[in-house]
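Residue-level structural notes
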Amino acid sequence: MPSVRSSPFHQMENPTLLSFLQKTTHTGGKKPKSGGGGGLLRMFKLLPMLTTGCKMVSLLGRQRKPLLTDGATTGTLFGYRKGRMILSIQEDPHRMPIFVIELPILTTAFQKEMASDILRIALETETKTHKKKVLEEFVWAVYCNGRKIGYSIRRKNMTDDELHVMQLLRGVSMGAGVLPSPSEKEKTASDGELTYMRARFDRVVGSKDSESFYMINPDGALGQELSIFFLRKY
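Because the structure is predicted, anything quoted here is derived from the model rather than measured.

1. Quick look at the packing of aromatic side chains
Under the criterion given, the structure shown has 5 aromatic pairs. When the ring of Trp140 is compared with that of Phe230, the centres are 5.5 Å apart and the planes differ by 80°; the resulting orientation is edge-to-face. Within this pair, whereas Trp140 is found in strand S7 (residues 139–144), its partner Phe230 is found in strand S12 (residues 225–233), the two being separated by 90 residues in sequence. With relative accessibility at 0%, the residue Trp140 sits in the buried group.

See below:
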């Protein structure tokens, strides 16, 4: 099936975004702790037990070319353990997300949904116009494993914490782990650890009103399933 590309957010006036797109090198700060390899859903579900003894992710020093050229899309689920989950979709880890939304579910509750190792997230929107691409819509009804969990509004502008996560994960193609929070003392105490899961997805455009994302298992074998569906209803 063909794939499509959407325009990134227009946030170039933000100096943090400019630094995101510039060449960077690791200067001794904390790196994200990661559990690379298979079983991403299982690893994410077990956090924060993965916070010690995990394989460290090496952030890439040169960011001039796309990290991966297989045509797959990068999806990231992250959030503070006492906060809500954020879903981010990028065409490449070195590019700004084309879609960011805060899901109406707490991180701890979201991890419990992974008990069956099958996770299906569906977002539905209603509109009367054909002018926007489906991922450009703002108001979404969100379903998790077939159950409606509430409504969310797509981020037009990313928060500082979301930019922080995108910056730290620039050199990560897939994995699960814990990230240092922007303000370690303040955030950790009130919101818990900042956990993430990142994977590669096959992006399938069903029509102008529907798109689907299917997680690619790292080892290429059948296993845990994570699917994300976008549907525009009339």
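2. Looking at the environment of Leu103
Assignment of secondary structure puts Leu103 in strand S5 (residues 99–106). Put simply, Leu103 and Leu87 are 16 residues apart on the chain and 6.9 Å apart in space, counted from C-alpha to C-alpha. Ignoring anything within four residues of it in the chain, the contact list for Leu103 reads Leu77, Arg84, Met85, Leu87, Phe110, Ile121, Val142 and Ser152.

3. Observations regarding the pairing of strand S11 (residues 210–215)
Look at any regular strand and the pattern is simple: side chains alternate between the two faces of the sheet. For S11, the tally of buried residues reaches 5 of 6 residues, placing the bulk of the element in the interior. With 6 bridges connecting them, strand S10 (residues 194–207) and S11 associate as antiparallel partners. The residue of S11 that forms the bridge with Phe201 is Met215. Hairpin connection between S10 and S11: a loop of 2 residues separates the two successive antiparallel strands. In terms of strand pairing, S11 meets S12 through 5 bridges, oriented antiparallel. When the bridges of S12 are listed, Glu211 appears paired with Phe230.

4. A short note on a nonpolar patch on the surface
A grouping of Val139, Tyr151 and Ile153 is seen on the molecular surface, where their side chains present a nonpolar patch of about 340 Å² in accessible area. Tracing the chain through its elements places Val139 in strand S7.

5. Structural notes on the pattern of salt bridges
Evaluation of the coordinates by the stated rule reveals 11 salt bridges. Close ionic contact of Arg155 with Glu162 constitutes a salt bridge, the shortest N to O distance being 2.7 Å. On the basis of relative accessibility, which here comes to 22%, the residue Arg155 falls in the partly exposed class. Via salt bridges that share partners, Glu91, Arg95, Arg203 and Glu211 belong to a single interconnected network.

Criteria and cut-off values
- Residues numbered from 1 in each chain as written.
- Predicted model: local features only at pLDDT ≥ 70, side-chain atom pairs only at ≥ 80, totals over all residues.
- Heavy atoms only, no water.
- Phe/Tyr/Trp six-rings, centres within 6.5 Å; stacked < 30°, edge-to-face > 60°.
- Helix = DSSP H or I, 4+ residues; strand = E, 2+ residues; numbered from the N terminus.
- Buried < 20%, exposed > 50% of the residue type's maximum accessible area, 1.4 Å probe, protein only.
- Contact = heavy atoms within 4.5 Å.
- Pairing = 2+ DSSP bridges.
- Patch = residues over 30% accessible without salt bridge, like charges linked within 9 Å, V, L, I, M, F, W, Y side chains within 5 Å.
- Areas by Shrake-Rupley, 256 points an atom, 1.4 Å probe, with all protein chains shown as cover.
- Salt bridge = Lys/Arg side-chain N within 4 Å of Asp/Glu carboxyl O.

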